[in-house]
Amino acid sequence: GASSAREKEEEERATVQQFLVLFTEKYSLVSDETNSHFLPPSHPRDHRFKMSALLLALAKKSLRSQTKLMSFQKTSVRAFSSAGSVEVFNPDGDKRVVVTKMLPGTRWLDVLTKQLGARVEVYTDAKHANTIVPNSAIIDLIGDKCDAVLGQLTEDWSAETFGALKNAGGVMYSNYAVGYNNVNVADANAANIAVGNTPGVLTETTAEITAALTLAAARRVVEADEFMRAGKYLGWLPDLFVGKLLQRGTLGLIGAGRIGSAYAKMMVEGHYMDLVYFDKFQNEKLENYMKGYSDFLESQGEKGITCKRVDTVEEVLSVADVVSLHPLLDKTTHHLINSERLALMKEDAILVNAARGPVVDEVALVSHLQANPNFRCGLDVFEDEPDMKPGLAECKNAVIVPHIASASMWTRGGMATLAACNISSFLQGLPNYESPDMTPYVDGPFESMPKYCPSIVNMSEIQR
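Cut-offs used in this document
Residues numbered from 1 in each chain as written. Predicted model: local features only at pLDDT ≥ 70, side-chain atom pairs only at ≥ 80, totals over all residues. Heavy atoms only, no water. Helix = DSSP H or I, 4+ residues; strand = E, 2+ residues; numbered from the N terminus. Buried < 20%, exposed > 50% of the residue type's maximum accessible area, 1.4 Å probe, protein only. Contact = heavy atoms within 4.5 Å. Areas by Shrake-Rupley, 256 points an atom, 1.4 Å probe, with all protein chains shown as cover. Disulfide = S-S within 2.5 Å. Patch = residues over 30% accessible without salt bridge, like charges linked within 9 Å, V, L, I, M, F, W, Y side chains within 5 Å. Salt bridge = Lys/Arg side-chain N within 4 Å of Asp/Glu carboxyl O. Pairing = 2+ DSSP bridges. 1 Å grid on protein atoms, 1.4 Å probe; cavity = no way out; pocket = protein on both sides within 12 Å on 5 of 7 lines; lining within 4 Å. Points joined across faces, edges and corners; volume = space filled by probe spheres on them. Nonpolar A, V, L, I, M, F, W, Y, C, P; charged D, E, K, R; others polar. Axes fitted to C-alpha atoms, helices over the stretch in contact; angles between N-to-C directions. pLDDT = per-residue confidence, 0-100. Polar contact = N/O pair within 3.5 Å; in protein donor to acceptor, adjacent residues only side chain to side chain.

## Brief notes about the overall build of the protein chain
Part 1 of the reasoning: For the protein chain, the helix and strand inventory stands at 16 helices and 17 strands.
Part 2 of the reasoning: For the protein chain, buried positions account for 48% of its 464 residues.
Part 3 of the reasoning: Pairs at least 24 residues apart make up 64% of the contacts formed inside the protein chain by residues separated by at least 6 positions.
Part 4 of the reasoning: Per element, the accessible surface of the protein chain, about 23,200 Å² overall, is 54% carbon and sulfur.

## Quick word on unusual backbone geometry
Part 1 of the reasoning: For the bond running from Glu 385 to Pro 386, omega is 5 degrees, close enough to zero to count as cis.
Part 2 of the reasoning: Tracing the backbone shows Pro 386 in the loop between β16 (376–379) and β17 (398–400).
Part 3 of the reasoning: Of note, Phe 241 is a non-glycine position whose phi angle comes to about 50 degrees, a positive value.
Part 4 of the reasoning: Note on placement: Phe 241 falls in the loop between α9 (221–229) and β11 (250–254).
Part 5 of the reasoning: Non-glycine residue Tyr 272 carries a positive phi angle of around 50 degrees.
Part 6 of the reasoning: Judged by relative accessible area, which is 27%, Tyr 272 ranks as partly exposed.

## So, helix α4 (residues 107–115)
Part 1 of the reasoning: Trp 108, Leu 109, Asp 110, Val 111, Leu 112 and Thr 113 are the residues of α4 that are buried.
Part 2 of the reasoning: Where α4 ends, the next residue or the one after it, Gly 117, has phi of about 75 degrees, a positive value.

## A few points about the state of the cysteines
Part 1 of the reasoning: Counted according to the given criterion, the structure contains zero disulfides.
Part 2 of the reasoning: Distance from the sulfur of Cys 453, which forms no disulfide, to the nearest cysteine sulfur (Cys 421) is 9.3 Å.

## Concerning a nonpolar patch on the surface
Part 1 of the reasoning: There is a patch of nonpolar side chains on the surface, built from Met 228, Tyr 233 and Trp 236 and spanning about 410 Å² of accessible area.
Part 2 of the reasoning: Within the fold, Trp 236 resides in the loop between α9 and β11.
Part 3 of the reasoning: What makes Trp 236 exposed here is its relative accessible area of 70%.

## Focus: the pairing of strand β14 (residues 322–325)
Part 1 of the reasoning: Because side chains alternate across β14, one face comprises the buried residues Val 322 and Ser 324, and the other comprises Val 323 and Leu 325, equally buried.
Part 2 of the reasoning: Looking at chain direction, β11 and β14 are connected through four bridges and run parallel. Considered in β14, the bridge of Leu 251 is made with Val 322.
Part 3 of the reasoning: As judged from the four bridges shared by β14 and strand β15 (residues 350–353), these two strands associate in the parallel manner. Across the sheet, the residue bridging to Val 322 is Ile 350, located in β15.

## Looking at the layout of surface pockets
Part 1 of the reasoning: Put simply, the second largest pocket is a space of about 280 Å³.
Part 2 of the reasoning: Contributing elements (two or more residues each) for the lining of the second largest pocket: α8 (203–218), α10 (258–271) and α11 (284–299).
Part 3 of the reasoning: Here the lining of the second largest pocket takes four residues from α10, the largest share from any one element.
Part 4 of the reasoning: Classifying every residue of the lining of the second largest pocket by side-chain character gives two nonpolar, five polar and four charged.

## A look at the sheet that holds β14
Part 1 of the reasoning: What the seven strands build is an open sheet, ordered β13-β12-β11-β14-β15-β16-β17; its pairing is parallel. At either end of the open sheet lies a strand with only one pairing partner, and these are β13 (307–309) and β17. Adjacent strand axes in the sheet meet at a mean angle of 15 degrees when their direction is disregarded.
Part 2 of the reasoning: Of the pairings in the sheet, the one linking β11 to strand β12 (residues 274–278) comprises five bridges and is parallel in character. Within the sheet, the bridge partner assigned to Thr 250 lies in β12 and is Asp 274.
Part 3 of the reasoning: The strands that α10 touches are β11, β12 and β14; relative to β11, the one it contacts most, it runs at about 175 degrees.
Part 4 of the reasoning: Strand contacts of helix α14 (residues 362–371): β15, β16 and β17, with the helix running at about 145 degrees to β16, the strand carrying the most contacts.

## Describing the confidence of the model for the protein chain
Part 1 of the reasoning: Confidence along the protein chain averages 88 in pLDDT terms, with 83% of residues attaining 70 or more.
Part 2 of the reasoning: Residue range residues 60–74 is modelled with pLDDT below 50. Its contacts to residues more than four positions away, or to other chains, number 20 contacts.

## Some remarks on the side chain of Arg 96
Part 1 of the reasoning: Looking at the secondary structure, you find Arg 96 in strand β6 (residues 95–99).
Part 2 of the reasoning: Within the structure, Arg 96 has its side chain in polar contact with the backbone oxygen of Ile 142 (distance 2.7 Å).
Part 3 of the reasoning: With sequence-adjacent residues up to four places away left out, Arg 96 is seen in contact with Arg 119, Glu 121, Leu 141, Ile 142, Lys 145, Cys 146, Asp 147 and Ala 148.

What follows is the structure in structure tokens.
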């Protein structure tokens, strides 16, 4: 009895100690020599918290919830490179893959360590934990031997970084994004390095944030939230935060691809809006969908909706109550929305951008917001991320969020899996995937993943 009690006590102490190691690392706490107390570094020693039954229960629950991640941690080691600290998974892998930020989920790690059998080094240095990793650090991470890099859309991938990767024997760069305007594909081609991206898992997630920004701007949600939190609400008033009704208004799209179409369906079906869109290519599938929806409304005794493709951006801007931007970013769409085009919009219109920041001349937008208090916008992206142009933060008629359009766990985890599969499949000599349906990679059984690269944008230019 006494022996088993001591064993139980030791087991509980070990559980708490394991929890405290993780807890103190995560929250920068320090513990005393026995690990029976813990406190912030600046906290007086006489106010420390004793280890208790509550702490033990918290430790057990926390450790249970981290079981899968800890299974990776048991096979990983912390190391240091010339760029700073890294976490190494599958240290004895025969290929070396560098990942510039820790990514959500664990499926992507399975792909690289189990499917490919690679050594994976994830950059974890505190200096760049919450910032963009500079080229100098990326080049140091690549070092003398590196087969592939999984990087971020905020990084500059051009001649300098591709040259370093080529010199290290690398053949693959996988961008953790569907867009790749941070990548100079011509420089990648010159270095004979494949470039991957992550399409097919951002559509609904990005459409949802676009709809959220639209509604938040129309109904002044952020202003009202700040008002309540400041304790300014003294009672209901007839004119308190009066906003714009979207029902039976006109929705304008500039760009009617997958994301624009998904957003249009949400808004048209939710608010019975007429749709007008500009795109270089006619979207017959979207038009047929809207025709079918209009027919359904009429069959139910409701007024139908209309859908029309127009020839110019200006036509969309002049008639729409809400304008949502969904173009690719290139030389023709840089500053697509400028002061002249903003002047064409309705006085109380709403402009939404969850595409790319430089599509909008942000200085012109700030001036327009300041001069037209009933005009509103919702922005997920910015011209000079992570910075905003002067004055934007002070505009109460702007709803601004930090590039979170893809920030659902399913999408961010799916992006990580696709980015990893691009590397794994390419290094195994597999061809490009021909289907737009990426769910077999993200949701299907691990063993049944397609034996293809999800998306290599320059496959035809690469000599393998």
